[in-house]
Amino acid sequence: MSAAIKTETITFSIVIPCYNESGRVEALLSGMENFERQFKYPFEIILVDDGCKDDTVAKVESSLYFKKLFAEKRFQIVRLPQNRGKGAALRAGVAIASNHYLLTMDADLSVTPQHLTNFCKHLAPNKILIASREHKGSTISVENHRKLAGRIFNFFVRTLTPLPHADTQCGFKVYPTAVAKKIFAQLLTEGWAHDVEILYRAYNMGVVIEDMPITAIAMEGSKINVIRDGIKMFIEIFRISAILHFKHLLVEPFNKENRKTDNLFRGVFAVSAIFLVALMAILSFDYGITGDDTDQKIYGEHVLSFYTSLGKDTSCLHLKIGNKENLHLYGGLFPMLSAALNKYIGGIDEYDMRHLLNSFAGSTAIIFCGLLAYSISGSWLCAFLAFLFLALWPQFFGHSMNNPKDIPFAMGYIITMYYLIQMVKQLPHPNKRVWVKLALAIAYTINIRVGGLILLGMLLAFYFGAIILSTEKRLAIKNNKTLTSNLKSITAVAVTAYFLGLVFWPYGLLGPIHNPMLALKESTNFSMPIGLFFEGKMMTSKDIPWYYILKWLWISTPVIILFSAMAFGAVWFLLRKKIPVERSLLLIFAGVFPWAYAVYSKSAMYDAMRQMLFLVPLLAVMAALTWYYIITLYANIKIKIAAIIMLCLGLFPVIRFSFVNHPNEYVYFNELVGGIQKAWLSYDTDYYMNSIKQTAKWFKQTDAFKQADAQHKIRLTTNTLDPVNHYFRNDTDKVKIIYTKWYAPGNEKSRANRDWDFGIYNSRTVEPSQLKYGIWPSDKAIFKCEADGVPLSVVIERKDKSDYYGYLAMKNDSTLLAEKYYTQAINYNKQNEEAYMNLLQIELNLKKYKEAATLAQQWHTVNPQNDFAYVYEGIALAYLGNFDASLNQLLYAVQINPDNYQAYNILASLYNQKGDKQNAQLYYNKAEEVKQKLQRE
């Protein structure tokens, strides 16, 4: 009992609803008389006549005992004109109660009032005590069918509401009267399910609800049909839950009497969440097909076939799409669900369907980011800030529409973090619901990507971390039985999550132990290197520096969020009185450990933050906690307003970028790197090829496209084949799609060596020097899809095909004709580097060394950083006898590109001719070393 309660002043009101209880009146009377003899505190009885049609009330009024109570002004009868239900009866009785505490009980005395004596030991001004027949200390005598019905009902309660109690329906409950009056006055449910609404409202008000042990006796007269009544139970609980959710989130926060600051932000958060889900769903149709979309779409279709054929179709395990042979190592849940929606629902473009589903994963992750912040801080202001930060984070928002791997994974990660914090908060005795939801969240994440296995480690880390960091929790768990019970629950969660995580992953399902371990090994050491552009250099995913992710965070996180998240490293200590230390430090651990482990294991990373997007919501939470501290630190309203203005000013550049550059938000760079205007010459921008959709749409509006027909087809080249094929899938009578690379001298797939009229080209894999000197997007670009003036993808018009004719002439050994065509090609397009290279080869073959040297020098003016221009000039100068100048040009070539083994070979040959055997051998060795390195890659 609370120390603030003086037991000698406690008084009780006992409310008993009655409907046709004539046969039980005598037992009720004798039971209450016995109770009065044993109970030491003053009480009154309020009997509510719920429209009785028998002589229940007459019998009560004629009894000597109740006449005595009436004379002592300790007995009242409330008469309802007609039967309204138990909830309505209690509401009427509670309304006239006048004592400190209030007991509601049933007239059948299945739970006797003598239990109130024990309940008195636990009274508190903000606590409701409910009798629980499922309490481990209870003794009950209940018919099996009633027990089954009760448990079915309670399952629905636990599923559809946040109430964790195993028995909400026992009528024996003790309330502080002030609390009861407030709750019952709002009661909407008048029937038998009113208990759920009452407890749900109490939960929303922050009232403590404690289960109490009882002895219960089943009374005759119950007629329960498990199936029929089970359906009614579900419908009623669903109705109550929906109404109370709606009112709690969207009505009550905006009522004048409830409009406290944090209540208001609860409503703002709820409205914002609904708006965001709808907005992202609508905007998802604007986004383009990504580098993973086609592969994942095909994989999903084969995974769906695996399950619909009951495992007979195993083609999903052996797919090879382009150069990808590892699709089976990824979980199949998201791609399969996308395929199922397309197959069984359809109605929209198959990729739009995938992006719509992706948007729901993204919006769910953003909402749970806010809920995680609330779970840590207990503040809806903080929740809204975290929600806002992540929703406005351009990288995350952009990926949320069409990233089929990383956003669904991020969603699973942040949901798991939310329930891990819930588990920590409830220690030493987390309720079963938290354990179940943890298992489901981890299982979902594994079904997306095998990296979800890290969450099994997080489960242990959060549990033991909470014990280590919190003295209170450590003392609460020192009991061996408690520790053993918790470890059993953790083991059950881990085992359940692991095996459920394989259910929608055919490869894992068919080898539940061995295959996930192989997939995990491959995911941390990706065998297929991927080209990327980082710090002004082209490299592979295997060559990135350890700080790759940190650098991307530094340059692509909105500055206001970046520095706020960094500040949390200090603020967590200042917040320790408001937020338990273990929550803050575990949040930091969850944000740092996965990256640290990736660095330690030398995992291959690529495409900016893509593989680590799941950490971004945690940084948003850290930033929100920092601003929550700043805003609530001072009571002075002017300081609060100043902080909010500062926050808004910090977010404005981010909002502007996203609004102006939609749907290419994900190419955002912050002010620390000079925005995208500076960053595009050093870092990947449209690496996911999102802008191609806009570029293709623009091209379809051109006169050239509109005038094309089967006799005059446009030959359209591209370096993004899958997206372009899809965008023009209905236009095969107008265009022929051809794959080429932007720059691939000597390659059959080079754009210079193909016959084409127009080209759609993305910036990915374009040489840095070609970006720097404007060779891409080219002077021949007739359209540029841009972000803040920076080109992401372009349409090129080819009015002169001399380079293609030169290629054909070379194939036919018509050297002089090829020389003519390549000269003409350069005159048409001074930026045509492949024409320079081919013409230089011709001039050297024709022994036109002066012309070759001059041509190479002309090439330097176009691209001063193309190493082959210096190689060819070096060769020409060598033939002209200028060995020193030749050596200088070749040495400069390998300075530009240390992997140019041809230059090393020529250097070796020149040093050999000079009689310098030592340097000759040195460069021969270097040439072989580089060749072997390139072959390995």
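Cut-offs and rules
Residues numbered from 1 in each chain as written. Predicted model: local features only at pLDDT ≥ 70, side-chain atom pairs only at ≥ 80, totals over all residues. Heavy atoms only, no water. Helix = DSSP H or I, 4+ residues; strand = E, 2+ residues; numbered from the N terminus. Buried < 20%, exposed > 50% of the residue type's maximum accessible area, 1.4 Å probe, protein only. Contact = heavy atoms within 4.5 Å. Areas by Shrake-Rupley, 256 points an atom, 1.4 Å probe, with all protein chains shown as cover. Lys, Arg positive; Asp, Glu negative; His and termini not counted. Charge placed at Lys NZ, Arg CZ, Asp CG, Glu CD. Pairing = 2+ DSSP bridges. Axes fitted to C-alpha atoms, helices over the stretch in contact; angles between N-to-C directions. Salt bridge = Lys/Arg side-chain N within 4 Å of Asp/Glu carboxyl O. Core = buried A, V, L, I, M, F, W, Y, C linked by side-chain atoms within 4.5 Å. Patch = residues over 30% accessible without salt bridge, like charges linked within 9 Å, V, L, I, M, F, W, Y side chains within 5 Å. Expected span 1.5 Å × (residues − 1). Polar contact = N/O pair within 3.5 Å; in protein donor to acceptor, adjacent residues only side chain to side chain. Parallel < 35°, antiparallel > 145°, perpendicular 65-115°, else oblique. Left-handed = near helix turned anticlockwise from the far one by under 90°. Nonpolar A, V, L, I, M, F, W, Y, C, P; charged D, E, K, R; others polar. Phe/Tyr/Trp six-rings, centres within 6.5 Å; stacked < 30°, edge-to-face > 60°.

1. Brief notes about the overall build of the chain
Part 1 of the reasoning: A count of helices and strands for the chain gives 40 helices and 16 strands.
Part 2 of the reasoning: For the chain, the spread of C-alpha atoms along the three principal axes comes to 130 × 60 × 60 Å.
Part 3 of the reasoning: A buried classification covers 55% of the 937 residues belonging to the chain.
Part 4 of the reasoning: Once local pairs closer than 6 in sequence are excluded, the contacts in the chain between residues at least 24 apart make up 72%.
Part 5 of the reasoning: For the chain, the computed accessible surface area is about 40800 Å², with 58% contributed by carbon and sulfur atoms.
Part 6 of the reasoning: Charge-centre separation for the chain: the mean point of 98 positive side chains lies 6 Å from the mean point of 78 negative side chains.

2. Focus: the pairing of strand β7 (residues 173–176)
One face of the sheet, then the other: side chains in a regular strand alternate in exactly this way.
Part 1 of the reasoning: Going residue by residue along β7, you find K173 and Y175 tucked away on one face and V174 and P176 tucked away on the opposite face as well.
Part 2 of the reasoning: Where strand β4 (residues 101–104) and β7 come together, four bridges link them in antiparallel fashion. Paired with L103 across the two strands is V174, which belongs to β7.
Part 3 of the reasoning: Pairing of strand β5 (residues 127–131) with β7, which is carried by two bridges, proceeds in the antiparallel orientation. Looking at β7, one finds that I130 is bridged to K173.

3. Overview of the sheet that holds strand β14 (residues 758–762)
Part 1 of the reasoning: What the five strands build is an open sheet, ordered β13-β12-β14-β16-β15; its pairing is mixed. Sheet topology places β13 (735–739) and β15 (781–787) at the edges, where each strand pairs with a single neighbour. Pairwise comparison of adjacent strand axes, ignoring direction, gives a mean angle of 20° for this sheet.
Part 2 of the reasoning: Direction of pairing for strand β12 (residues 714–718) relative to β14: parallel, over a ladder of three bridges. Residue T717 lies in a different strand from β14, and its bridge partner there is G759.

4. Topic: unusual backbone geometry
Part 1 of the reasoning: A cis amide bond links H662 with the next residue in sequence, P663, at an omega value of 5°.
Part 2 of the reasoning: The amide bond that connects W776 to the next residue, P777, takes the cis arrangement and shows omega of 20°.
Part 3 of the reasoning: Position of P777 relative to the elements: it lies in the loop between α32 (768–772) and β15.
Part 4 of the reasoning: Non-glycine residue L310 carries a positive phi angle of around 55°.
Part 5 of the reasoning: The residue L310 is located in the loop between α11 (293–308) and α12 (333–344) in this model.
Part 6 of the reasoning: In the Ramachandran plot, M689 falls in the positive-phi region, its phi being about 65° despite a non-glycine side chain.
Part 7 of the reasoning: The residue M689 is located in the loop between α28 (675–679) and α29 (692–699) in this model.

5. Points about the side chain of S338
Part 1 of the reasoning: For S338, the position within the fold is in helix α12.
Part 2 of the reasoning: In contact with S338, not counting residues within four places along its chain, are R354 and L357.

6. Examining the pattern of salt bridges
Part 1 of the reasoning: Across all of its chains, the model carries 37 salt bridges by this definition.
Part 2 of the reasoning: Of the charged contacts, one joins R84 and E190 as a salt bridge, the two residues approaching to 2.4 Å between their closest N and O atoms. One end of the pair, R84, is in the loop between β3 (75–80) and α4 (86–96); the other, E190, is in the loop between α7 (177–185) and α8 (194–204), with 106 residues separating them in the sequence.
Part 3 of the reasoning: The exposure class assigned to E190 is partly exposed, which follows from its relative accessible area of 22%.
Part 4 of the reasoning: For the salt bridge of D755 with K801, the shortest nitrogen-to-oxygen distance reads 2.8 Å.

7. Digging into the environment of G591
Part 1 of the reasoning: With respect to the secondary-structure elements, G591 resides in helix α25 (residues 581–600).
Part 2 of the reasoning: Its relative accessible area of 14% is what places G591 among the buried residues.
Part 3 of the reasoning: With sequence-adjacent residues up to four places away left out, G591 is seen in contact with L615, L618 and M622.

8. Remarks on the side chain of S763
Part 1 of the reasoning: By secondary structure assignment, the location of S763 is in the loop between β14 and α32.
Part 2 of the reasoning: Leaving out residues up to four positions away in the same chain, S763 has contacts with T685, D686, W776 and L792.

9. A word on the nonpolar core
Part 1 of the reasoning: Ranked by size, the top nonpolar core spans 164 residues in total, and within it F389, F396, M417, M423 and F462 carry the most contacts.
Part 2 of the reasoning: Among the elements that take part in this core, helix α16 (residues 406–426) stands out by supplying 14 residues, more than any other.
Part 3 of the reasoning: Discounting chain neighbours no more than four positions away, the residues touching F462 are M417, L420, I421, M423, V424, L586 and A590.
Part 4 of the reasoning: Membership of the second largest hydrophobic core comes to 43 residues, among which are A856, Y904, A920 and A927.

10. Observations regarding a nonpolar patch on the surface
Part 1 of the reasoning: Taken together, the side chains of L460, F464, I468, L469 and L487 present a nonpolar region at the surface, about 420 Å² in accessible area.
Part 2 of the reasoning: Tallying contributions element by element places helix α18 (residues 454–469) first for the nonpolar patch, with four residues.
Part 3 of the reasoning: The topology assignment puts L469 in helix α18.

11. Overview of helix α13 (residues 350–377)
Part 1 of the reasoning: End to end, α13 covers 41 Å across 28 residues, agreeing with the expected 40 Å (1.5 Å per residue, within 8%).
Part 2 of the reasoning: Summarising burial for α13: 24 of the 28 residues are buried, a large majority.
Part 3 of the reasoning: At the N-terminal boundary of α13, the capping side chain belongs to D349, with an oxygen 2.9 Å from the backbone nitrogen of Y351.
Part 4 of the reasoning: Phi for G378, located one or two positions after α13, is positive at around 75°.

12. Observations regarding helix α10 (residues 261–283)
Part 1 of the reasoning: Here α10 is 23 residues long and its end C-alpha atoms lie 32 Å apart, about the 33 Å a rise of 1.5 Å per residue gives.
Part 2 of the reasoning: Of the residues making up α10, those classed as buried are R266, G267, F269, A270, S272, A273, L276, M280, A281 and L283.

13. Observations concerning the packing of helix α14 (residues 380–391) against helix α26 (residues 616–633)
Part 1 of the reasoning: The interhelical angle for the contact between α14 and α26, taken along N-to-C directions, is 135°, at an axis separation of 8 Å. By the angle class used here, α14 and α26 are oblique. As α14 packs across α26, the resulting crossing turns out to be right-handed. Here L381, C382, L385, A386, F389 and L390 of α14 come into contact with α26, specifically with V616, P617, A620, V621, A623, A624, L625, W627, Y628, I631 and T632.
Part 2 of the reasoning: Residues belonging to the contact of α14 with α26 are distributed by class as follows: 16 nonpolar, one polar and no charged.

14. Considerations on the packing of α11 against α13
Part 1 of the reasoning: Relative to each other, α11 and α13 sit at 90°, their axes nearing to 11 Å. Taken together, the axis directions place α11 and α13 in an arrangement best described as roughly perpendicular. Note on element contacts: α13 touches α11 through E350, Y351, R354 and H355, opposite D293, T294, Q296, K297 and E301.
Part 2 of the reasoning: Of the residues belonging to the contact of α11 with α13, the class tally is one nonpolar, three polar and five charged.

15. Description of the packing of aromatic side chains
Part 1 of the reasoning: A complete count under the given rule lists 59 aromatic pairs for this structure.
Part 2 of the reasoning: Geometrically, the ring pair formed by W742 and Y761 is edge-to-face, given 5.1 Å between the ring centres and 70° between the ring planes. Pair noted here: W742 is in the loop between β13 and β14 and Y761 is in strand β14, with a separation of 19 residues, a long-range link. Pair check on accessibility: W742 and Y761 agree, each one buried.

16. Thoughts on the sheet that holds strand β8 (residues 208–212)
Part 1 of the reasoning: Spatially, seven strands are ordered β3-β2-β1-β4-β7-β5-β8 in an open sheet, and the strand pairing comes out mixed. In this open sheet, the two strands that pair with only one neighbour each are β3 and β8. Ignoring strand direction, the axes of neighbouring strands in this sheet form an average angle of 20°.
Part 2 of the reasoning: Where strand β1 (residues 12–18) meets β4, four bridges bridge the pair, whose relative direction is parallel. Of the residues in β4, the one forming a bridge with S13 is L102.
Part 3 of the reasoning: Against the sheet, helix α1 (residues 25–38) makes contact with β1 and β2 (43–50), and its axis sits at roughly 165° relative to β2, the strand it touches most.

Read these as geometric descriptors, not functional statements.
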